[in-house]
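This is what each chain is made of:
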Amino acid sequence: MSRSIRGRRVAAACAVLMFVSRSIRGRRVAAACAVLMLFGSDVNAQGAGRSMDIDLSVRSAAMGGASSAVWWGEEQNHWANPALLSATLGIRHEHGRTQLVPGLANDVFLKSDVVKVGASGMGLVFSGRPGGFGGAELDYGTSVGTDPFGNSTGVFRSFETVDSWGFGFSPIRVAMTTPTLSRVFDVAWGMNFKHAVIQLAPGTATAEGDFRDVGVFARFTPTGLVRRSAEQGSFPLHADLCYGVSLLNYNDERFHFPLEDEPTPASLHQRHGGALRLAFDPFTETADDQPPTWAGTIREAVGPLVEFGFSVENVSIGAGDRRDYETRGWGMEITVARVFSLRRGHYTDRTGGIDGETTGWSAGIPLGRFGGVLYQKATFPQASDSGLADLERDAWVAWIEPMALLRVAHGRR
């Protein structure tokens, strides 16, 4: 185990696990503690609710965790910055599943299902709320409970769940009747509302709370100042400078654990990130004020032809009055024809003993403006002295944009 596994939080968590069932010992306790310290975070600065501390985005994991200002592509990380929901188009379903500690337990998984809906600068996300579909779950696996005499009391499952909903809103894109301003500048704001439950055993070790995230995003596109005639078409080169800032779990909600005298807050994450995007898009058929064609829409299935992105991010994490610590990450990606992407990055958490490379790729089948499907893969480092292999993460994204078909059928953008 990592030397960062120390302090009151791990001791309390493991004590709870041992208290609720004598069968949760050895490898099970080690696995639970490893999840608490999954990315090397110092327990003295970390709050409860590990399921809210692990980023759901596989794309972000491949880019060193730097994603709070990455607005382009088929998946924007609303878990890092809910303002990015303003870039959502159509109806999207994102599914992820990660085995967290394969070296200690084979049945500890992080699973997530998210539905996003958006258009024209307004986006919504639903993940377990309302309606109960989807959500994020940190599953510690099943155990057999025993009474003080060693008799079985049945099989139970230990887990954490996070059900949430949120929104992102760009007043410029919502209010503008023409895209002139939004081609050059954009600003957005968003919030995410989460209900988290930690259940280590039936009834005796359950804690829950409601938490909120807030974020802001800004983009400046200097190439959007270049206008061309309808005969020449739109300018094929694009450059975006982006900035994102967010506060996760900023409200003063706390978990009440059965073996602790004082309630425990969730971790407060303060994220600051910047990003640069360069794109070559020769297949844009005409200027924005010209009607689209079916042929042009088909060409847009592979546009931009080449896209490069670079992002950096600093995260300060703390809980209650305990000291903060920082993590840093950077990442880059190159995407060809919206079909294949390569990603690489670096993640540093010196307090937790992490200083390693991140990698990833994705492959998809885009269907122009109308929809598509995408598979993503990533590797992410763990504490160097933990003895655990790098995490391998994967996810699926599928989307459909029904309004795009109607717009093209009626000759409108």
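Quick notes on the rules
Residues numbered from 1 in each chain as written. Predicted model: local features only at pLDDT ≥ 70, side-chain atom pairs only at ≥ 80, totals over all residues. Heavy atoms only, no water. Helix = DSSP H or I, 4+ residues; strand = E, 2+ residues; numbered from the N terminus. Buried < 20%, exposed > 50% of the residue type's maximum accessible area, 1.4 Å probe, protein only. Contact = heavy atoms within 4.5 Å. Areas by Shrake-Rupley, 256 points an atom, 1.4 Å probe, with all protein chains shown as cover. Core = buried A, V, L, I, M, F, W, Y, C linked by side-chain atoms within 4.5 Å. Pairing = 2+ DSSP bridges. pLDDT = per-residue confidence, 0-100. Phe/Tyr/Trp six-rings, centres within 6.5 Å; stacked < 30°, edge-to-face > 60°. Lys NZ or Arg CZ within 6 Å of the ring centre and 35° of its normal. Salt bridge = Lys/Arg side-chain N within 4 Å of Asp/Glu carboxyl O.

Let's shift gears to the overall build of the protein. A count of helices and strands for the protein gives six helices and 17 strands. Counting the 413 residues in the protein, one finds 56% classified as buried. Counted over contacts in the protein with a minimum sequence separation of 6, partners at least 24 positions apart contribute 65%. On the protein, roughly 17,200 Å² of surface is accessible, and the fraction owed to carbon and sulfur atoms is 62%.

Our focus in this paragraph is unusual backbone geometry. For the bond from Arg129 to Pro130, the omega torsion is -15°, close enough to zero to count as cis. Although it is not a glycine, Asn249 adopts a positive phi angle of roughly 60°. Looking at where Asn249 falls in the secondary structure, it is placed in the loop between strand E8 (237-248) and strand E9 (254-255). Since its relative accessible area comes to 4%, Asn249 is described here as buried. The phi dihedral of Ala337 falls on the positive side, at around 55°, and the residue is not glycine. In this structure, Ala337 sits in the loop between strand E13 (325-336) and strand E14 (340-349).

This part is about the nonpolar core. By size, the foremost hydrophobic cluster in this structure holds 24 residues, and its most contacted members are Met52 and Phe255. Taken together, the elements giving at least two residues each to this core come down to strand E4 (135-146), strand E6 (185-199) and strand E7 (206-220). Broken down by element, the residue count for this core peaks at three residues, all from E4. Once you skip the residues sitting within four places of it in the chain, Met52 turns out to touch Trp79, Val162, Lys194, Ala196, Phe211, Asn249, Phe255 and Ala266. Val58, Ile354, Ala378 and Ala395 belong to the second-largest nonpolar core, a separate cluster that totals ten residues.

With that out of the way, let us pick up the pairing of strand E17 (residues 391-400). Side chains of E17 alternate between two faces, with Leu391, Arg393, Ala395, Val397 and Trp399 buried and Glu392, Asp394, Trp396, Ala398 and Ile400 left unburied. In this sheet, E17 lies alongside strand E1 (residues 90-99) in antiparallel orientation, the contact comprising eight bridges. Bridge pairing links Arg97 to Asp394 in E17. As defined by bridge partners, strand E16 (residues 371-380) adjoins E17 across ten bridges and the pair is classed as antiparallel.

The subject of this paragraph is the confidence of the model for the protein. Looking at the protein as a whole, the pLDDT averages 81, with 75% of positions reaching at least 70. Note on residues 1-29: pLDDT under 50 across the span, and 83 contacts to partners over four residues away in sequence or across chains. Predicted confidence is poor over residues 39-45, with pLDDT under 50, and the contacts of this stretch with residues over four places away or in other chains come to 42 contacts.

Let's shift gears to the packing of aromatic side chains. Applying the stated criterion across every chain, the model contains ten aromatic pairs. Considering the side-chain rings of Trp71 and Trp72, the 6.5 Å spacing of their centres and the 85° angle between planes classify their relative orientation as edge-to-face. When its relative accessible area of 23% is taken as the criterion, Trp71 is described as partly exposed. Judged by its relative accessible area of 2%, Trp72 is buried. For the pair Trp165 and Phe193, a centre-to-centre distance of 4.9 Å together with 20° between the ring planes defines the contact as stacked. Of the two residues, Trp165 is situated in strand E5 (residues 152-169) and Phe193 in strand E6; the sequence distance between them amounts to 28 residues. With relative accessibility at 33%, the residue Trp165 sits in the partly exposed group. Residue class for Phe193 comes out partly exposed when judged on its relative accessible area of 23%. Ring pairing ties together the aromatic residues Trp165, Phe167, Trp189 and Phe193, which thus form one cluster. For Arg97, the ring lying beneath its charged end belongs to Phe109, and the centroid distance is 4.0 Å. The ring of Trp79 has Lys194 sitting right over it, with the charged end atom 5.2 Å from the ring centre.

This part covers the pattern of salt bridges. Following the criterion strictly, the structure yields 20 salt bridges and no others. Note that Arg92 and Glu401 form a salt bridge whose closest N and O atoms lie 3.6 Å from each other. Taken as a pair, Arg92 in strand E1 and Glu401 in the loop between E17 and helix H6 (402-409) lie far apart in primary sequence, 309 residues in all. Residue Glu401 is classed as buried on the basis of its relative accessible area, which comes to 11%. The salt bridge involving Arg344 is made with Glu357; its shortest N-O contact spans 3.9 Å.

Right, let's talk about the pairing of E8 for a bit. A regular strand places its side chains so that they alternate between the two faces of the sheet. As paired strands, E7 and E8 are joined by eight bridges and run antiparallel to one another. Considered in E8, the bridge of Arg219 is made with Cys242. With twelve bridges connecting them, E8 and strand E11 (residues 268-280) associate as antiparallel partners. Looking at E11, one finds that Leu241 is bridged to Leu276.

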